[in-house]
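An overview of the molecular structure
As a plain string of letters, each chain reads:
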Amino acid sequence: MKITIKDTETIQESAKQFLEAIKERGTCFAFYAPMGAGKTTFIKAICEELGVEDVITSPTFAIVNEYTISPDHEESIQQWGETIYHFDFYRIKKQEEVYDMGADDYFYSGNLCFMEWPELIEEALPEDVVKVTITPQPDGSRIVEL
């Protein structure tokens, strides 16, 4: 499936499309894209669509940020749980760091997990992870593929 993000003005509509597309695809999503392609921006839009009221930022230094889905999104909570885990593995140096932080506990929690820079921890990714690629286009738009 392909979703086009035309620009930041239409990113929320793209986030809605993404949420519809992932309903039957599990809970762990690995976002592959070059630096500056909009991984964090798109994950932020997805979280906003789920009513997250927390400040949504890249967890580059923390490695994982935790957000709470709004109680108004009961159907989403029933499907994915109340919590969203947002990872940024850019600063990971060794696979062992992922295991030491207890990543499996997050990955198999039944809650949504959105991962940036998953290519740095390929061996640690769950078998059922859904790969998502974001490809910048010459016109400034982005193509999201599941």
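The preceding data block contains the structure.
Presented here is an overview of the structure given in this document. Here the structure is a predicted model, which means the values were calculated and not measured.

Now for the state of the cysteines. On inspection of all chains with the given rule, the structure shows zero disulfides. No disulfide involves Cys 47; its sulfur sits 11 Å from that of Cys 113, the nearest cysteine. On the basis of relative accessible area, Cys 47 is assigned to the buried category, the value being 0%.

Our focus in this paragraph is helix α1 (residues 11-21). Along α1, the residues classified as buried are Ile 11, Ser 14, Ala 15, Phe 18, Leu 19 and Ala 21. Buried residues in α1, looked at end-on, bunch into an arc of 160 degrees, giving them a common side.

Looking now at the sheet that holds strand β2 (residues 28-32). The seven strands are arranged β1-β7-β6-β2-β5-β4-β3 in an open sheet whose pairing can be described as mixed. Taken across any chain shown, the strands that pair with only one partner, and hence form the sheet edges, are β1 (2-5) and β3 (64-68). Taking each pair of neighbouring strands and ignoring which way they run, the sheet shows an average axis angle of 20 degrees. Together, β1, β2, β5 (112-116), β6 (130-136) and β7 (142-145) form the strand contacts of α1, whose direction differs from that of β1 by roughly 165 degrees. Of the strands in this sheet, β1, β2, β3, β4 (83-88), β5, β6 and β7 touch helix α2 (residues 39-49), which is tilted by about 165 degrees from β5.

Checked against the element boundaries, Ile 84 lands in strand β4. Each C-alpha atom, one on Ile 84 and one on Thr 133, is 19 Å from the other, the two residues being 49 residues apart in sequence. For Ile 84, the contacting residues outside a window of four places in its chain are Cys 47, Leu 50, Val 52, Asn 65, Glu 66, Tyr 67, Ile 69, Leu 112 and Phe 114.

Proteins that are soluble and globular tend to have nonpolar side chains buried together. By size, the foremost hydrophobic cluster in this structure holds 30 residues, and its most contacted members are Phe 18, Phe 29, Phe 31, Phe 42, Ile 46, Ile 84 and Phe 114. The set of elements that each furnish at least two residues to this core consists of β1, α1, β2, α2, α3 (74-80), β5 and β6. Looking at this core element by element, the count peaks at five residues for α2. Apart from residues lying up to four places away in sequence, Phe 18 is in contact with Ile 3, Phe 29, Phe 31, Phe 42, Ile 46, Phe 114, Val 132, Val 144 and Leu 146.

So, about the packing of aromatic side chains. The full count for this structure, using the stated rule, is 11 aromatic pairs. Geometrically, the ring pair formed by Tyr 90 and Trp 117 is tilted, given 5.1 Å between the ring centres and 55 degrees between the ring planes. Taken together, the positions of Tyr 90 in the loop between β4 and α4 (95-100) and Trp 117 in the loop between β5 and β6 put the pair 27 residues apart, joining distant regions of the chain. For Tyr 90, a relative accessible area of 38% puts it in the partly exposed group. A cation over an aromatic ring shows up here: Lys 39 above the ring of Trp 117, its NZ or CZ 4.2 Å from the ring centre.

We now examine a nonpolar patch on the surface. On the surface, a nonpolar cluster with roughly 300 Å² of combined accessible area is contributed by Met 35, Tyr 90 and Leu 120. Following the sequence through the fold, Met 35 ends up in the loop between β2 and α2.

About the cut-offs
Residues numbered from 1 in each chain as written. Predicted model: local features only at pLDDT ≥ 70, side-chain atom pairs only at ≥ 80, totals over all residues. Heavy atoms only, no water. Disulfide = S-S within 2.5 Å. Buried < 20%, exposed > 50% of the residue type's maximum accessible area, 1.4 Å probe, protein only. Helix = DSSP H or I, 4+ residues; strand = E, 2+ residues; numbered from the N terminus. Arc of directions from axis to C-beta. Pairing = 2+ DSSP bridges. Axes fitted to C-alpha atoms, helices over the stretch in contact; angles between N-to-C directions. Contact = heavy atoms within 4.5 Å. Core = buried A, V, L, I, M, F, W, Y, C linked by side-chain atoms within 4.5 Å. Phe/Tyr/Trp six-rings, centres within 6.5 Å; stacked < 30°, edge-to-face > 60°. Lys NZ or Arg CZ within 6 Å of the ring centre and 35° of its normal. Patch = residues over 30% accessible without salt bridge, like charges linked within 9 Å, V, L, I, M, F, W, Y side chains within 5 Å. Areas by Shrake-Rupley, 256 points an atom, 1.4 Å probe, with all protein chains shown as cover. Salt bridge = Lys/Arg side-chain N within 4 Å of Asp/Glu carboxyl O.

That is the geometry; function is a separate question.
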